[in-house]
Amino acid sequence: MVQHSVLRKIQYALQNKLSKLSLKSSELLSFPLEITQLTHLQELDLSDNKLTKLPSQIAQLQELRILNLKTNQLVSIPPEIGYL
């Protein structure tokens, strides 16, 4: 379950068509799929969380240029990330 504060940040980014979103140190255990609705997103900071995998839907972020995943627990990255 995604924390309420994280959902608020994503909703704000969606409403304002933000190009940058930082969810650094948000204690995320899984990738919030709501992020894939942020079609204007160019920079995404998910560092310092507890993510173990990324969904294939990350490829929907066609404008994404910077993705910070450092200090997570990723065991694999989906091949779809190559479409970005």
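The rules we used
Residues numbered from 1 in each chain as written. Predicted model: local features only at pLDDT ≥ 70, side-chain atom pairs only at ≥ 80, totals over all residues. Heavy atoms only, no water. Pairing = 2+ DSSP bridges. Helix = DSSP H or I, 4+ residues; strand = E, 2+ residues; numbered from the N terminus. Axes fitted to C-alpha atoms, helices over the stretch in contact; angles between N-to-C directions. Buried < 20%, exposed > 50% of the residue type's maximum accessible area, 1.4 Å probe, protein only. Expected span 1.5 Å × (residues − 1). Arc of directions from axis to C-beta. Contact = heavy atoms within 4.5 Å.

Quick look at the sheet that holds strand β2 (residues 43–45)
Part 1 of the reasoning: Taken together, the three strands give an open sheet; going across it, the order is β1-β2-β3, and neighbouring strands pair in parallel fashion. The open sheet has two edge strands with one neighbour each: β1 (20–22) and β3 (66–68). Strand-to-strand twist across the sheet, computed as the mean angle between neighbouring axes with direction ignored, equals 0°.

Re unusual backbone geometry
Part 1 of the reasoning: For Lys17, which is not a glycine, the phi torsion comes out positive at approximately 50°.
Part 2 of the reasoning: Structurally, Lys17 can be placed in the loop between α1 (4–15) and β1.
Part 3 of the reasoning: The phi dihedral of Asp48 falls on the positive side, at around 60°, and the residue is not glycine.
Part 4 of the reasoning: Note on placement: Asp48 falls in the loop between β2 and β3.
Part 5 of the reasoning: A residue is classified by how much of its surface remains accessible, and Asp48, at 27% relative accessible area, is partly exposed.

With respect to α1
Part 1 of the reasoning: Over its twelve residues, α1 runs 16 Å from end to end, which matches the ideal 16 Å to within 8%, given 1.5 Å per residue.
Part 2 of the reasoning: Those residues of α1 that sit buried are Val6, Ile10 and Ala13. Taken around the axis of α1, the buried residues stretch over an arc of 60°, which confines them to a single face. Turned more than 90 degrees away from the buried face of α1, the exposed residues are His4, Arg8, Tyr12 and Gln15.
Part 3 of the reasoning: Of the surrounding elements, those touching the buried residues of α1 are β1.
Part 4 of the reasoning: After α1 finishes, the residue Lys17 shows a positive phi value of roughly 50°.

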